[in-house]
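Architecture and fold: a report
Here are the chains, one letter per residue:
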Amino acid sequence: MFIYICAMRLRDEQKELLVRTKALELLVAEGFNGFSMHKLARAANVSPATLYIYFQNKEDLIVQLGIEVGQKIHEVTFEDFDFEESFEAGLWKQWKNRAKYVLENPIAAAFIEQFRNSPYKKKLGEEYFQEFRNNMTKFLKSAIKKGELIPLPKEVFWTLAFAPLYQLIHFAQDGHNMAGEPFELTEEVMYLTFKQVIKSLQP
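Residues numbered from 1 in each chain as written. Predicted model: local features only at pLDDT ≥ 70, side-chain atom pairs only at ≥ 80, totals over all residues. Heavy atoms only, no water.

Considerations on the UniProt feature "domain: HTH tetR-type" (unreviewed entry) in the protein chain
Our working rule: UniProt positions are given in the numbering used here, feature names are shortened, and annotations may be inferred rather than shown by experiment. Every helix listed is a DSSP run of H or I at least four residues long, and every strand listed is a run of E at least two residues long, numbered separately from the N terminus.
If you check UniProt for "domain: HTH tetR-type" (unreviewed entry), the listed places come out as residues 13-73 in our numbering. Between the C-alpha atoms that bound residues 13-73 the distance is 22 Å, and the span itself is 87% helix and 0% strand.

Quick notes on a nonpolar patch on the surface
Defined as follows: A patch consists of residues whose relative accessible area exceeds 30% and which take part in no salt bridge; residues with like charges are grouped when within 9 Å of each other, and nonpolar side chains (Val, Leu, Ile, Met, Phe, Trp, Tyr) when within 5 Å. For the area figures, the Shrake-Rupley method with a 1.4 Å probe applies, and any residue is considered shielded solely by the protein chains shown. Think of a salt bridge as a Lys or Arg side-chain nitrogen and an Asp or Glu carboxyl oxygen that are within 4 Å of each other. Whether a residue is buried, partly exposed or exposed follows from its accessible area with a 1.4 Å probe, protein chains only, as a fraction of its type maximum: under 20%, in between, or over 50%, in that order.
Together, Ile150, Leu152, Val156 and Leu160 line one region of the surface with nonpolar side chains, adding up to about 250 Å² of accessible area. Note on placement: Val156 falls in helix 8 (residues 154-174). Owing to a relative accessible area of 35%, Val156 belongs among the partly exposed residues under this scheme.

Notes on the pattern of salt bridges
Counted by the stated rule, this structure contains nine salt bridges. Linking Arg20 and Glu16 is a salt bridge whose minimum nitrogen-to-oxygen distance equals 3.2 Å. Note that Arg20 and Glu16 are positioned in helix 1 (residues 2-34) at a spacing of four residues, about one turn of the helix. Assessed through its relative accessible area of 13%, Arg20 is described here as buried. The exposure class assigned to Glu16 is partly exposed, which follows from its relative accessible area of 25%. Among the ionic pairs, Glu88 bridges to Lys195, the shortest N-O distance being 2.7 Å. Pair noted here: Glu88 is in helix 5 (residues 87-104) and Lys195 is in helix 9 (residues 187-201), with a separation of 107 residues, a long-range link. Using a relative accessible area of 29% as the deciding quantity, one classes Lys195 as partly exposed. When salt bridges with common partners are traced through the structure, they connect Glu16, Arg20 and Glu68 into a single cluster.

A closer look at the nonpolar core
We count it as follows: What makes a nonpolar core is a set of buried Ala, Val, Leu, Ile, Met, Phe, Trp, Tyr and Cys residues whose side-chain atoms join them at distances within 4.5 Å.
In this structure, Leu61, Phe87, Leu91, Trp95, Phe111 and Phe157 are the most contacted members of the largest nonpolar core, which totals 60 residues. When residues of this core are assigned to their parent elements, the largest contribution, eight residues, is made by helix 4 (residues 58-77).

Overview of the packing of aromatic side chains
Note the cut-off: Paired rings are identified among Phe, Tyr and Trp, the last through its six-membered ring, by centres lying within 6.5 Å, and are further divided according to the angle between planes into stacked (under 30 degrees), edge-to-face (over 60) and tilted (the rest).
Applying the stated criterion to the full structure yields 19 aromatic pairs. Ring plane angle 15 degrees and centroid distance 5.9 Å describe the contact between Phe78 and Phe83, whose orientation is recorded as stacked. The interplanar angle of 35 degrees and the centroid separation of 5.9 Å between the aromatic rings of Phe111 and Phe115 together place this pair among those described as tilted. Here Phe111 and its partner Phe115 are both found in helix 6 (residues 106-116), four residues apart, which amounts to about one turn of the helix. The burial state of Phe111 is the same as that of Phe115; both residues are buried. Of the aromatic side chains, those joined through ring pairs into one cluster are Phe78, Phe81, Phe83, Phe87, Phe132, Phe139, Phe157, Trp158 and Phe162.

Brief notes about the packing of helix 5 against helix 7 (residues 130-145)
Pairs of packed helices are described in terms of their axes, by the angle between the two and the distance that separates them. Which entries qualify depends on this criterion: Interaxial angle, 0 to 180 degrees, is taken between N-to-C directions of lines fitted to C-alpha atoms, where a helix line uses only the stretch in contact. What makes two residues a contact is simply this: any of their non-hydrogen atoms within 4.5 Å. Each residue is assigned to one of three groups, with Ala, Val, Leu, Ile, Met, Phe, Trp, Tyr, Cys and Pro labelled nonpolar, Asp, Glu, Lys and Arg labelled charged, and all others, Gly among them, labelled polar.
In the contact formed by helix 5 and helix 7, the axes pass within 9 Å of each other and the chain directions differ by 145 degrees. Residues Phe87, Gly90, Leu91, Gln94 and Arg98 of helix 5 form the contact with helix 7, whose participating residues are Phe132, Met136, Phe139, Leu140 and Ala143. For the contact of helix 5 with helix 7, the per-class residue count stands at seven nonpolar, two polar and one charged.

Quick look at the structure:
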């Protein structure tokens, strides 16, 4: 009996993972307005009733996925991170971690961009990503204290520090640059861009 129950639970977990994977794919392909629970049920080959075992409704599903993907990106950002390193080394680590995740998980990355620009984001409480904010604050305050970073408004820092990285990623995902020429994101190109970013952030 115990073995049977465990087997059933494992199959349920696999089914939920399939549902979440298909939900991300559909949300990116159809958009939040075009997505429906019935479309998801067909894509995941489950009954509509099965979806409501895992989610209360469409809104609950989208918010749950927003939390899940958002927290994963935050975890990845600080993977193998050393707060004792220099600002330059720490920011480079974040660049590499973020680029690796986005390029390896394009659907999840596209979904979180949709989520951040949707009304569903307002459904989240501030506590969900407080750990990430605390880590970034600790990192930046330490860099400023050591004289490795110019004090800047948060919006200015974020734009200078990360927008160039995500533009390179967009080029890589498109397979070409703005002139239509073939483009592949190498670590050499990424580091060349990063060094220019560092120059704009350091005293």
